[in-house]
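# What the coordinates show
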Amino acid sequence: MRSPNTSKNLSRRSVVLIPALNEASTITSVVQGVLPYGTPLVVSDGSSDDTAELARAAGAEVVELPKNRGYERALDVGFSHAVDHGASEVITFDADGQFDSEILGVVKAAMSDPDVRLVIGIRPEFARFGEWLFGMYTQMRFGVSDILCGAKGYSVSLQKEYGRFGSGSSVGTELALYGLRRNVRFVKVPAPVRSRFDSASRFGFGWRANKQILHALWHAVYDDLAALWPRK
């Protein structure tokens, strides 16, 4: 792993964590949009293009992973880096340009309440069947219809309490589910999305993407049932 640029300091309160895999076409504008709201921290997840260089030039802190480790692992590495450098809140944000950076101001406003430890973005619609099904489950279980939204805000205290962001199999939902299961105070905010001009997606839209999401849903249901009926 390449060491991040040490010329900047992540000790500001808010870090905006952006996992990125070959997002050279969008990363500059995404980082520039993030700058007014906090320190952008880009984790280049084994990118083979200029994602890391462009992010750094745009003003982001960058951690480069030598090979692709997946969305959740990239978030876990970035979250740990932010915590180690003194961040007190971390907002996850997508690198593909689908979210307007103004949502970060909404998330930060919600997190200004010291009792709020989790903010969850809610998109108006889903691109995949698996997202809809997962959302149906978490809506019934926690009142959260979009647990998979890439825009979320976390108090660092939540990650320190749990010990990690995720283990790699929850498609970025593990820490949020941990908080919801423990009845932490959370806020839902609208997360409008816009179409990507290149129609690309980190996960794609077919069977492989739905398989990942359904696998994460299975783990979530299993963990909930295991908590209800623990082994003797």
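All values derive from a computational prediction rather than experimental measurement.

Before going further, it helps to spend a moment on the overall build of the protein chain. What the protein chain contains, in helices and strands, is eight helices and seven strands. Burial status across the protein chain gives 52% buried among its 232 residues. Contacts in the protein chain between residues far apart in sequence, at least 24 positions, make up 74% of those at least 6 positions apart.

Before going further, it helps to examine the confidence of the model for the protein chain. Looking at the protein chain as a whole, its pLDDT mean stands at 90, while 89% of the residues score no less than 70. Per-residue pLDDT stays below 50 along residues 1-9; that stretch engages in 22 contacts with residues further than four places along the chain or on separate chains.

As a further point, take the sheet that holds strand β6 (residues 152-155). Pairing in this open sheet of seven strands is mixed, and the strands run β3-β2-β1-β4-β6-β5-β7 from one edge to the other. Looking at the sheet topology across the chains shown, the edges are occupied by β3 (61-65) and β7 (186-190). In this sheet, neighbouring strand axes are inclined to one another by 20° on average, regardless of whether the strands run parallel or antiparallel. Direction of pairing for strand β5 (residues 118-122) relative to β7: parallel, over a ladder of five bridges.

This part takes up the packing of aromatic side chains. Think of a pair of aromatic rings as described by two things: how far the centres are apart, and how the planes are tilted against each other in angle. One pass over the full model with this rule turns up seven aromatic pairs. On the basis of an interplanar angle of 75° and a centroid distance of 5.8 Å, the ring pair of F79 and Y154 is categorised as edge-to-face. In this pair, F79 sits in helix α3 (residues 71-84) while Y154 sits in strand β6, placing the two residues 75 residues apart along the sequence. For the ring pair W218 and Y222, a centre distance of 5.4 Å and an interplane angle of 20° mean the geometry is stacked. Separated by four residues within a single helix, W218 and Y222 lie in helix α8 (residues 207-228), roughly one turn from each other.

Let us look at the pairing of β6. Alternating positions in β6 separate into two faces, K152 and Y154 on one and G153 and S155 on the other, with burial throughout. Judged from the four bridges that link them, strand β4 (residues 89-92) and β6 form a sheet pairing that is antiparallel. Across the sheet, T92 pairs through a bridge with K152, a residue of β6. Here β5 pairs with β6 via three bridges, running antiparallel. Bridging across to β6, V119 finds its partner in G153.

About the cut-offs
- Residues numbered from 1 in each chain as written.
- Predicted model: local features only at pLDDT ≥ 70, side-chain atom pairs only at ≥ 80, totals over all residues.
- Heavy atoms only, no water.
- Helix = DSSP H or I, 4+ residues; strand = E, 2+ residues; numbered from the N terminus.
- Buried < 20%, exposed > 50% of the residue type's maximum accessible area, 1.4 Å probe, protein only.
- Contact = heavy atoms within 4.5 Å.
- pLDDT = per-residue confidence, 0-100.
- Pairing = 2+ DSSP bridges.
- Axes fitted to C-alpha atoms, helices over the stretch in contact; angles between N-to-C directions.
- Phe/Tyr/Trp six-rings, centres within 6.5 Å; stacked < 30°, edge-to-face > 60°.

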